[in-house]
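Each chain is listed here by its residues.
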Amino acid sequence: VAILMHRFLLALVLCVLPTSGWAGWIQLADTSQSIPNFGFQYGAWDPTRGVIWTARPDNSDTWKFDPATNVWSFVLANQPVPPGLLSTPGSRHNCGMAYDSLRDRVFITGCAPYPESPAPMPSWSYSVAANAWTNHGGSPGPGGDVAIVYDAARDTLISLGGWANPGYGTWERHQTDGLGATFTLYDNIQTQQPALFADLVSDPGKETFNRAGWDSTRNEMWYVARDGTLWRYNTTTRTWSGQATTGTPPPPYSVYAYNPTDDVILAWCGCNGWDCDGTVVSATYLLNRA
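Everything numeric in this text was worked out from a predicted model, so none of it was measured. (Residues numbered from 1 in each chain as written. Predicted model: local features only at pLDDT ≥ 70, side-chain atom pairs only at ≥ 80, totals over all residues. Heavy atoms only, no water.)

Enquirer: Let's hear about the pairing of strand E5 (residues 97-100): which residues, and what values?
Expert: Residues Met 97 and Tyr 99 of E5 are buried on one face, and the alternating residues Ala 98 and Asp 100, pointing to the opposite face, are buried as well. Where E5 lies against strand E6 (residues 105-108), four bridges are found, and the strand directions are antiparallel. Counterpart to Ala 98 in the pairing with E6 is Phe 107. What sits between E5 and E6 in their antiparallel hairpin is a turn of four residues, with Asp 104 showing a positive phi close to 55 degrees. (Buried < 20%, exposed > 50% of the residue type's maximum accessible area, 1.4 Å probe, protein only. Helix = DSSP H or I, 4+ residues; strand = E, 2+ residues; numbered from the N terminus. Pairing = 2+ DSSP bridges.)

Enquirer: Please set out the pattern of salt bridges residue by residue, giving values where relevant.
Expert: Counting across every chain of the model gives 13 salt bridges. For Arg 154, the salt bridge identified is with Glu 172, shortest N-O distance 3.0 Å. You can see Arg 154 sitting in the loop between strand E9 (147-151) and strand E10 (156-160) and its partner Glu 172 sitting in strand E11 (residues 170-174), a full 18 residues away along the chain. For Arg 154, a relative accessible area of 26% corresponds to the partly exposed category. Using a relative accessible area of 0% as the deciding quantity, one classes Glu 172 as buried. Taking the shortest distance from any N to any O, the salt bridge between Glu 220 and Arg 289 comes out at 3.1 Å. Linking Glu 220 in strand E14 (residues 220-224) with Arg 289 in the segment after strand E19 (279-288), this pair joins segments that are 69 residues apart in sequence. (Salt bridge = Lys/Arg side-chain N within 4 Å of Asp/Glu carboxyl O.)

Enquirer: So what's going on with helix H3 (residues 194-201)? Which residues, and what values?
Expert: Listed in full, the buried residues belonging to H3 are Leu 196, Phe 197, Asp 199 and Leu 200. Down the axis of H3, the sector holding all buried residues measures 160 degrees, keeping them to one side. Here the buried face of H3 lies against E10, helix H2 (189-192), E14, strand E15 (230-234) and strand E16 (239-243). (Arc of directions from axis to C-beta. Contact = heavy atoms within 4.5 Å.)

Structure follows, in structure tokens:
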């Protein structure tokens, strides 16, 4: 669990720091305010404050990390309980999160475990100003374990994949329709992009939410398949296209982030297996978008 938490933290922190001039990995000093060990969780980058938001999956505590000071801060206790999950508290994980810069809110998707059939997906958001989570009610949606990003240019949340109906398609939620707006399925990957569909369905660890992100330079969502193919989502045509890459791709159980300073996609793999039952890798990869 500790290794998985480090995997989450290091990959996300590096998305906001330059890759040049570094001597290598450094371990930050542990303090009384350090976030407790946990795994299988994600976070959202807040460019307004330059911090990373996350919600602890076992008790719903909200935390933030400031890369400028290398300090974790406890923000809010036990709210919501549980966010975006139709199961018992303490079991949820793989919750996708995205930051809406226009509304200054962190949105959280359905988590795992999640019903293996279409069902209303609870919609939760965290207001930074009010320091409170709000339940916006359920609506049809993509399920749990989804990759989710915020498209500021179109004021839209975009999600891909998910535990329920894996690879079912790409969903969008237009934020101008209100905080309780529904997600709309705009494509069917199974027929439009069978290669992408096959990759999502065959993902044994349902790592979709770790393998995607938002390219702020090109204003597009991206997803890295297990064979290294870079998939790009065109927000105008609402279609995915694959782009072959060179070099050895990162292991399947890697977590990804985009570094706009150097225009690279960063990947880091701690353990290449579920619950670290596979090979310990501890390797870093870079994909130069240019």
